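# Structural description and commentary
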Amino acid sequence: MGWFGKKKEWDIKKSDANKSRLRELFNGVMEDGHSYDIVYGYGLNIKNSDYILARKTTYTYTSLIIGYRESDMSIAILQTTPELEGCSEAEIFKKDNIKKAKIATGMYTIYHQGGLMAGYTQFATLAENDEKFLAYVYQPEEYDKFDTFFKKFSGK
């Protein structure tokens, strides 16, 4: 609900066109892309800069296509643009090949296998994305379905 009980009106045609484009991009990169469910998400990089009298915080958003499949408990993440112009190769995570996965403060985190500095991949999804920083996608069902999957993926 918005201010004074007004709910935002979503342009479902526009959202569905963007969802179709997400699927097209995903299937174009993934050999068996049709066997994955997909959801639109984003990565967030926060950079702080300290100056003598002020502090500046910069937020950089990365648009992501997140594919997931229960049959082999895998997640494939592809970077894209908010305009959905193209995408990167997939980074694939399988439950058996990661250290751990968790959800904290609305962010999904996958810790990679490896030594002390192995690293992690962090991202989020939203039920509703507008065009301020991300692609226009209305996806409450996809959002809920992915959240349920990730809880299984993380072993919770």
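Calculation notes
- Residues numbered from 1 in each chain as written.
- Predicted model: local features only at pLDDT ≥ 70, side-chain atom pairs only at ≥ 80, totals over all residues.
- Heavy atoms only, no water.
- Helix = DSSP H or I, 4+ residues; strand = E, 2+ residues; numbered from the N terminus.
- Buried < 20%, exposed > 50% of the residue type's maximum accessible area, 1.4 Å probe, protein only.
- Contact = heavy atoms within 4.5 Å.
- Areas by Shrake-Rupley, 256 points an atom, 1.4 Å probe, with all protein chains shown as cover.
- Salt bridge = Lys/Arg side-chain N within 4 Å of Asp/Glu carboxyl O.
- Expected span 1.5 Å × (residues − 1).
- Arc of directions from axis to C-beta.
- Polar contact = N/O pair within 3.5 Å; in protein donor to acceptor, adjacent residues only side chain to side chain.
- Phe/Tyr/Trp six-rings, centres within 6.5 Å; stacked < 30°, edge-to-face > 60°.
- Lys NZ or Arg CZ within 6 Å of the ring centre and 35° of its normal.
- Pairing = 2+ DSSP bridges.

### Examining the overall build of the chain
When helices and strands are tallied, the chain shows two helices and nine strands. Secondary structure elements in the chain, listed N-terminal to C-terminal, are α-β-β-β-β-β-β-β-β-β-α. Per-residue burial over the chain gives 36% buried out of 156 residues. Taking all contacts inside the chain whose residues are at least 6 apart in sequence as the whole, residues at least 24 apart take part in 49%. If you sum the accessible surface of the chain, you get close to 9900 Å²; carbon and sulfur atoms cover 51% of it.

### Here's the deal with the pattern of salt bridges
Think of it this way: side chains of opposite charge can pair up when their charged atoms draw near. Considering all chains together, one arrives at nine salt bridges under this definition. The residue Lys145 makes a salt bridge to Asp37 at a minimum N-O spacing of 3.4 Å. Placement of the pair is Lys145 in helix α2 (residues 140-153) and Asp37 in strand β1 (residues 37-50), with a sequence separation of 108 residues. With relative accessibility at 31%, the residue Asp37 sits in the partly exposed group. Members of the salt-bridge network, linked through shared partners, are Asp32, Arg69, Asp72 and Lys94.

### Observations regarding helix α1 (residues 12-29)
Spanning 18 residues, α1 covers 26 Å between terminal C-alpha atoms, matching the ideal 26 Å at 1.5 Å per step. Of all the positions in α1, only Ser15, Asn18, Leu22, Leu25 and Phe26 are classed as buried. For α1, the arc enclosing every buried residue in end-on projection is 95°, short of the 170-degree limit, so these residues lie on one face. Seen from the open side of α1, the exposed residues pointing more than 90 degrees away from its buried face are Lys13, Glu24 and Gly28. With a side-chain oxygen lying 3.3 Å from the backbone nitrogen of Lys13, the N-terminal cap of α1 falls on Asp11.

### Details of the packing of aromatic side chains
In this structure the tally under the stated criterion is 16 aromatic pairs. By the ring-pair criterion, three or more aromatic residues cluster together here, those being Tyr68, Tyr108, Phe123, Phe146, Phe149, Phe150 and Phe153. A cation sits over an aromatic face here: Lys14 above Tyr136, 4.9 Å from the ring centre. Above the face of the Tyr111 ring, Lys100 is positioned so that its terminal group lies 5.0 Å from the ring centre.

### Let's talk about the pairing of strand β6 (residues 107-112)
Along a regular strand, successive side chains alternate from one face of the sheet to the other. Within β6, five of the six residues are buried, which leaves the element mostly enclosed by the surrounding structure. Pairing between strand β5 (residues 98-104) and β6: six bridges, direction antiparallel. In the sheet register, Ile103 faces β6, and the bridge partner there is Tyr108. Counted between consecutive antiparallel strands, the loop separating β5 from β6 contains two residues, among which Thr105 sits at a positive phi close to 45°. Strand direction decides the pairing type here: β6 and strand β7 (residues 120-125), joined by four bridges, are antiparallel.

### Here we look at α2
Taking 1.5 Å as the rise per residue, α2 with 14 residues should run 20 Å; its terminal C-alpha atoms sit 20 Å apart, in good agreement. Buried within α2 are the following residues: Pro140, Phe146, Asp147, Phe149, Phe150 and Phe153. Downstream of α2 by a residue or two, Gly155 has a phi angle that is positive, lying close to 85°.

### Some remarks on the environment of Glu24
Mapped onto the elements of the fold, Glu24 is located in helix α1. When the C-alpha positions of Glu24 and His34 are compared, they lie 9.6 Å apart, and in sequence the two are 10 residues distant. A polar atom in the side chain of Glu24 sits 2.6 Å from the side chain of Arg21.

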